Every structure is written in C-alpha cells, then in structure tokens.
Amino acid sequence: MPAEQILERLMREYGESVFRMCYLYLKDYYLAEDATQETFIKAMKSYDSFLHNSNEKTWLIRIAINSCKNIMRTKWFRFPMMNVDDQQYIADDHSIEEVVKKDSSSNLSYFNAWGNNSSS
C-alpha cells in the first residue's frame, strides 16, 4: 500500500483521537494542531520501521506525546503569553520604551512570584 494511502487511513481513523490528546496535553488549539501534524509527518516517515508489536493507535499516541513534549521544551512555550490587558496597553499610544518597561516589570514580578511559590 502506498505511503499516501496509509497516511490518509491513519488520519481518518486516528486523527481526532490524536488531536484531542494533543489538545489535552498542550491546552492550546493551535499548538495541538501543530503537534498533530508533526505526529502524522513522523508516522509517515517511520511507518516502514513500525513492527506492529502494538496497536497503531498506541504507536501514534506515543509519537504525539513526544511531539507535545518537544513543543513544551521550546523556550517560546515557557514564557507567559500576553494577556488582553497587555495587548490593549500596546494598542494605545504608548512609546516603545513604556511598553518594554511595563513588559519587563510584569515578567519580573511573574518570575519572582513563581520563584516564591516553588520554594515553599
């Protein structure tokens, strides 16, 4: 069976389950989409080496979990996202220096609070 047909079958049968697991793991719709796509790319590349010792779904879920962990390891994922108030502050007519100063102080307070919580 050609790789394209195998991939289509895997996506049709297990795509929703893989996406749901990625979403539960990452708690972000768009990151879950990325992880799901990465899962099926990796599965397509390594399907020939799959020994069928386990169920295909189990194999795909393990690839998906590893993809989610890789996303969570990135530096980008570790930093807090801006909230709506920060976006409104930037949208107002503030100079870049004011925005950077506010961002630096909010990140500093975030990391100070995180450090205090982890030591208790």
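Whatever comes next refers back to the structure up there.
Residues numbered from 1 in each chain as written. Predicted model: local features only at pLDDT ≥ 70, side-chain atom pairs only at ≥ 80, totals over all residues. Heavy atoms only, no water.

A. Region of the structure containing the overall build of the chain. A tally of helices and strands in the chain yields 6 helices and 0 strands. Moving toward the C terminus, one meets the helices and strands of the chain in the order α-α-α-α-α-α. Within the span of the chain, comprising 120 residues, buried residues form 25% of the whole. Pairs at least 24 apart in sequence give 59% of the contacts found in the chain among residues at least 6 apart. Put simply, the chain shows about 9000 Å² of open surface, and 55% of that area lies on carbon and sulfur atoms. (Helix = DSSP H or I, 4+ residues; strand = E, 2+ residues; numbered from the N terminus. Buried < 20%, exposed > 50% of the residue type's maximum accessible area, 1.4 Å probe, protein only. Contact = heavy atoms within 4.5 Å. Areas by Shrake-Rupley, 256 points an atom, 1.4 Å probe, with all protein chains shown as cover.)

B. Structural detail: the pattern of salt bridges. Scanning all chains against the criterion turns up 3 salt bridges. Taking the shortest distance from any N to any O, the salt bridge between Arg-9 and Glu-56 comes out at 2.8 Å. Highlighted residues: Arg-9 in helix 1 (residues 3-26) and Glu-56 in helix 3 (residues 56-73), separated in sequence by 47 residues. Judged by its relative accessible area of 11%, Glu-56 falls in the buried class. With a closest N to O distance of 2.6 Å, Glu-16 and Arg-20 form a salt bridge. (Salt bridge = Lys/Arg side-chain N within 4 Å of Asp/Glu carboxyl O.)

C. View of the side chain of Thr-39. Looking at where Thr-39 falls in the secondary structure, it is placed in helix 2 (residues 29-46). Here Thr-39 falls in the buried class, since its relative accessible area comes to 0%. If sequence neighbours within four positions are ignored, Thr-39 has contacts with Val-18, Leu-60, Ile-63, Ala-64 and Ser-67.

D. The environment of Lys-57, seen in detail. Position of Lys-57 among the secondary structure elements: in helix 3. Between the C-alpha atoms of Lys-57 and Glu-13, which are 44 residues apart in sequence, the distance is 8.8 Å. Beyond its immediate chain neighbours, meaning those up to four positions away, Lys-57 contacts Tyr-14 and Ser-17.

E. Structural context of the environment of Cys-68. Along the chain, Cys-68 falls in helix 3. Looking at Cys-68, the relative accessible area reads 0%, which means it is buried. Among residues more than four places away in sequence, those in contact with Cys-68 are Met-21, Cys-22, Tyr-25, Leu-26 and Ala-35.

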